[in-house]
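# Chains, contacts and geometry: an overview
The chain contents come next:
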Amino acid sequence: MKRRTFWDRFYHRLFALAAGLCVLVLLGIFGMLLFNGFRFFESVSLWSFLGSSNWNPSAWGKATYGIGAMLWSTLLVSLGAMVLAVPLGIGTAAYLSEVAPGRVRDWIKPAIELLAAVPSVVVGFIGIVVIAPIISWIFGLSNGLNALNGSILLAVMALPTIISVAEEAIRSVPNTYKEGAYALGANSWTTLITVTLPACTSGLIAATMLGMGRVIGETMTVLMATGNANAMPHGFFDPVRTITATVAIEMGEVPYGTTHFYGLYALGAILFIITLIINLLAEGIAAKFRKQGR
Amino acid sequence: MTKQQFTKIVGIQLLLLCTLLTLSFLGIILFDLFSKGYSALSWDFLSTAPRKGMTQGGILPAIAGTALVTLVATLFALPFGVACAIYLNEYAQDHWFTRLLRASIRNLAGVPSIIYGLFGLALFVEALHIGASILASGLTLALLTLPYIITTTEEALRNVPNAYREAALALGATKWESIKTVVLPGAMPGILTGTILALSRAAGETAPILFTGVAFYTRYLPGSLLDEFMALPYHLYILSTQHQSLEQVRPLAYATAVVLLGMVLLLNLSAIILRIRYRNLWKTSK
């Protein structure tokens, strides 16, 4: 009997320890980024980092570390992706939850899961071999590797996230709302547009933000398909280089422990903070609509 | 037909169009890759190393590297993740630590993969002196897949009816004995599904291994876990953007993409089938 109680307690402690280590990993990531980021700000001021748009760490004589162009590139590509993915995703979610018969749904949902499973490097490859020629043909450009290409690909990558969260949100609208609309003589389309979707706005916003959180940190796709020009973009037809792409390109070339090395960690810290804020806000909004749905 | 009926029909068709467009992306990816990639696929391609500056030969070292690194990641993430999920579902009461834990797991799932790469470089490669290797990359990928394994395992545990736990306890089992003999076996299909999905995610990731051990080219298969390695996704990246004669190696890039995508889709399909098969596990036994 004593032996059994011992093992019972032992495993309780063991599982609690594993759980504690989990929290430590997140804190560790945060701490590591802050620590290495601070090393960078010992030699470069925060103001010149955030205020300048010129990133040229290997310039002979005077290296410059400005995040402006990259930050704008990242936002441009991600916002473009959202413009494409949000209507498409909400439309698909509405179709799945309000229109599609159960059996059709059972086939479409796994297909969307497979879309989510396509590795980002394969999506990037599709950007090079399929999307880029189409873009350069339609718009008469010499090269289709630009911000628009990245936005299209990231939209595809954000779609599964947006669809699944938006579908959950639409399903959380109480049936009595819809029945009320039907009783007043509204048809299914009018009900969807004037009652169901407005009732779950917060859930749809959460879906959008989670999709945004997913694409803003995407690396390989934008690295392969957006042309990687280290300059301030003027529009969707310019090649861009995002924060993630810059880290991916330069980390392999910098010597350990240099200002440039820590600069890349500072970029990582900025990216981490942006995604953390987006995800926390989205989770807060999502928690609200889940409670409301019950 | 009234105006209202008309807008309804147009509106519903519009929703259908959205769905078809979404699905067409999957169709385009599958069709383009498999139609252009299969001609370069051969047994030789799967079973030999690259030759002549990667313009000829196969991808065996990349397949071996991806398999090994995924295996290492799972070996570390699975026990750790399952233990974490058991704590959350079986032991944890609703207090500050549980809330912190849940918030951490949710946010870990949202951390961009390249940040895991930076973390792996700082912790495993530099601080722990493992060096750029299969082990360092595998550990980095283990951290990346951890939140997925925890979430799916917890859901699998939650689906085991409480009556089973109570029955075990009533027979005099300790809490651990009821978990070991009743709860875990019952949750096994769900845990397996989650593990397969985590495997497929780890196999397709590039950014986390970029700084932690993946190599442009190795002539031999990896001899130990401390060697650098080739990996399928990185090989595809190299062949499609970094090679000096891009057009010449395009068929090889296509074939590599087919192998990588085929592997990931097979894993995902088996997870989906497993889930459908065990979907009614607890419903029928009630």
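Residues numbered from 1 in each chain as written. Chains lettered and ligands numbered in written order. Predicted model: local features only at pLDDT ≥ 70, side-chain atom pairs only at ≥ 80, totals over all residues.

## Describing the interface of chain A and chain B
Between chain A and chain B, the residue contacts involve 67 residues of the former and 66 residues of the latter. Here the side of chain A that touches chain B gets 18 residues from one element, more than from any other, and that element is helix α1 (residues 2-41) of chain A. When grouped by side-chain class, the residues that make up the side of chain A that touches chain B number 46 nonpolar, 17 polar and four charged. (Contact = placed C-beta atoms within 7 Å. Helix = DSSP H or I, 4+ residues; strand = E, 2+ residues; numbered from the N terminus. Nonpolar A, V, L, I, M, F, W, Y, C, P; charged D, E, K, R; others polar.)

## Quick look at the nonpolar core
It is characteristic of soluble globular proteins that their nonpolar side chains tend to be buried jointly. A:A166, A:A206, B:C84 and B:A257 are the most contacted members of the largest nonpolar core, which has 193 residues in total. The biggest single contributor to this core is helix α3 (residues 60-91) of chain B, with 17 residues. Shared between two domains, this core holds at least three residues of each, these being domain 1 (2-42) and domain 2 (64-293) of chain A. Beyond its immediate stretch of four places on either side in the chain, A:A166 contacts A:G89, A:I90, A:A93, A:G203, A:L204 and A:A207. (Core = buried A, V, L, I, M, F, W, Y, C linked by C-beta atoms within 7 Å. Buried ≥ 20, exposed ≤ 12 C-beta atoms within 10 Å, placed from the backbone. Domains from an automatic or database assignment.)

## Some words on unusual backbone geometry
The backbone of A:N228 shows a phi angle near 55 degrees, a positive value even though the residue is not glycine. Mapped onto the elements, A:N228 comes out in the loop between α10 (220-225) and α11 (243-251). With 19 C-beta atoms counted inside 10 Å, the residue A:N228 sits in the partly exposed group. A positive phi angle, close to 55 degrees, is found at B:H129, a residue other than glycine. By the element assignment, B:H129 lies in the loop between α5 (113-127) and α6 (134-158).

## Here we look at the confidence of the model for chain B
All names here are of chain B. The predicted model of chain B has a mean per-residue pLDDT of 88, with 99% of residues at 70 or higher. Of all the helices and strands in chain B, helix α11 (residues 281-284) carries the lowest mean pLDDT, 66, while α6 carries the highest, 93. As a predicted assembly, this complex carries a pTM of 0.91 together with an ipTM value of 0.91. (pLDDT = per-residue confidence, 0-100.)

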